[in-house]
Amino acid sequence: MELCVALDLPSAQENLELAESLKSYNIWMKVGFRAYIRDGKPFIEALKEINPEFKIFLDLKLYDIPNTMADASEEIAKLGVDMFNIHASAGAVAMKTVMDRLSTYEKRPLVLAVTALTSFDEENFSAIYEKSINEKAEQFAMMSYENGLDGVVCSTFESRAIKNATSNSFLTLCPGIRPFGEDAGDQQRVATLELAKEEGVDFPVIGRPIYKDINPLEKVKKIVDII
Ligand code: C5P
């Protein structure tokens, strides 16, 4: 299991200060919409300058027509990030087109597909997908696996079933982790770190429980100890 910290603070400076305070750990840093739209490529470079061993997960959840997604994936590969994601609901053709395009890269980033956002509850999820979260997440995971992706974004509660249906080495990245039972915020399906470990989660993604803590470094230390 490898920790991934969500850099969701309101300014580049605050995110970089957080990264600076955690630089003794070679952990994953998740750069999402807010940070990337505002701070772009120079932000990714600044993170690498703080600690060249930080791994970068660009969480932009691509969803478009296949060719546009493949074009964007190629630009992401050129940024030198280590992992990014697309929406599984973009479909099998989009997945295959993205993976085919990236196959020309010697060192391509890992590609994950988002199954069900962890902020969904069953009612709101089935209003869109007309299936239960479990069922649909597993179906999306199979599709991702069959089309050559490296793993999926899912909740801790689907991690084990997805690995059983695909492969143990098919990666699961799970947001909605509240390591020690902290406030759930807008997340619906939250799990503790212990449960994430039991369910075979490869990457627990943790945002607010770290950056809202009075001492983020101490919190990361406690998390890494459990991992
Ligand atoms: O603060 P918190 O720990 O809830 O942060 C979770 C992070 O994971 C946020 O950056 C959110 O955008 C992201 N995320 C998520 N659910 C997904 C995919 C990403 O919460 N399915």
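Residues numbered from 1 in each chain as written. Predicted model: local features only at pLDDT ≥ 70, side-chain atom pairs only at ≥ 80, totals over all residues. Heavy atoms only, no water.

## Some words on the nonpolar core
- Val 5, Ile 27, Met 29, Leu 58 and Phe 84 are the most contacted members of the largest nonpolar core, which has 54 residues in total.
- Counting residues in each nonpolar core, the second largest holds 12 residues, with Ala 6, Val 114, Val 153 and Leu 171 among its members. (Core = buried A, V, L, I, M, F, W, Y, C linked by side-chain atoms within 4.5 Å. Buried < 20%, exposed > 50% of the residue type's maximum accessible area, 1.4 Å probe, protein only.)

## A short note on the sheet that holds strand β8 (residues 203-206)
- With parallel pairing, 8 strands are arranged side by side around a closed barrel as β1-β2-β3-β4-β5-β6-β7-β8. Strand-to-strand twist across the sheet, computed as the mean angle between neighbouring axes with direction ignored, equals 25°.
- Note: strand β3 (residues 55-62) against strand β4 (residues 83-87), 3 bridges, orientation parallel. By the bridge assignment, Leu 62 is partnered in β4 with Ile 86.
- Against the sheet, helix α7 (residues 156-165) engages β6 (151-153) and β7 (171-174), with an angle of about 175° to β7. (Pairing = 2+ DSSP bridges. Helix = DSSP H or I, 4+ residues; strand = E, 2+ residues; numbered from the N terminus. Axes fitted to C-alpha atoms, helices over the stretch in contact; angles between N-to-C directions. Contact = heavy atoms within 4.5 Å.)

## Examining helix α3 (residues 66-79)
- The terminal C-alpha atoms of α3, which comprises 14 residues, lie 20 Å apart, in line with the 20 Å expected from a rise of 1.5 Å per residue.
- Taken residue by residue, α3 has Met 69, Ala 70, Ser 73, Ile 76, Ala 77 and Leu 79 as its buried positions. Within α3, the buried residues cover an arc of 160° as seen down the axis, which keeps them to one side.
- Among the residues trailing α3, Gly 80 stands out with phi positive, at a value near 80°. (Expected span 1.5 Å × (residues − 1). Arc of directions from axis to C-beta.)

## Describing the pairing of strand β5 (residues 110-114)
- Counting buried positions along β5 gives 4 out of 5 residues, so the element sits mostly inside the fold.
- Relative to β5, β4 runs parallel, the two being bridged by 5 bridges. Residue Asn 85 lies in a different strand from β5, and its bridge partner there is Leu 112.
- Of the pairings in the sheet, the one linking β5 to β6 comprises 3 bridges and is parallel in character. Following the sheet pairing, Leu 112 is matched in β6 by Gly 151.

## Regarding the packing of α3 against helix α4 (residues 92-102)
- α4 packs onto α3 with a crossing angle of 35° between their chain directions and a minimal axis gap of 8 Å. The chirality of how α3 crosses α4 is right-handed. Touching Pro 66, Asn 67, Met 69, Ala 70, Asp 71, Ser 73, Glu 74 and Ala 77 of α3 are Val 93, Ala 94, Thr 97, Val 98, Arg 101 and Leu 102, all from α4.
- Across the contact of α3 with α4, the residue classes tally to 8 nonpolar, 3 polar and 3 charged. (Left-handed = near helix turned anticlockwise from the far one by under 90°. Nonpolar A, V, L, I, M, F, W, Y, C, P; charged D, E, K, R; others polar.)

## Some remarks on the site of the ligand
- As a matter of local geometry, the ligand sits amid 16 residues, with Asp 8, Lys 30, Arg 178, Gly 207 and Arg 208 nearest to it.
- In the environment of the ligand, a nitrogen atom lies 2.9 Å from a nitrogen or oxygen atom belonging to the side chain of Thr 118.
- Between an oxygen atom of the ligand and a side-chain N or O atom of Gln 187, the distance comes to 2.8 Å.
- Protein contact buries 87% of the 470 Å² of open area that the ligand shows by itself.
- Mapped onto the shell around the ligand, the elements with two or more residues apiece are β3, β8 and α9 (208-211). (Near = heavy atom within 4 Å. Polar contact = N/O pair within 3.5 Å; in protein donor to acceptor, adjacent residues only side chain to side chain. Areas by Shrake-Rupley, 256 points an atom, 1.4 Å probe, with all protein chains shown as cover.)

## A look at the side chain of His 87
- Of note, His 87 is situated in strand β4.
- Setting aside its immediate chain neighbours within four residues, His 87 contacts Lys 61, Leu 62, Tyr 63, Val 114 and Leu 117.

## Here we look at unusual backbone geometry
- Here Lys 61, not a glycine, exhibits a phi torsion of approximately 45°, which is positive.
- The residue Lys 61 is located in strand β3 in this model.
- Look at Glu 130: it is not a glycine, yet its phi comes out positive at around 55°.
- Relative to the helices and strands, Glu 130 is located in the loop between α5 (122-129) and α6 (133-146).
- Note on Glu 130: relative accessible area 70%, which makes it exposed.

## Thoughts on the state of the cysteines
- Under the criterion given, the structure shown has 0 disulfides.
- Here Cys 4 stays unpaired: no disulfide links it, and the sulfur of Cys 174, its closest cysteine neighbor, is 11 Å away.
- A relative accessible area of 0% means that Cys 4 is categorised as buried.
- As a non-bridged cysteine, Cys 154 has Cys 174 as the owner of its nearest cysteine sulfur, 3.8 Å distant. (Disulfide = S-S within 2.5 Å.)

That's the geometry; what it means functionally is another story.
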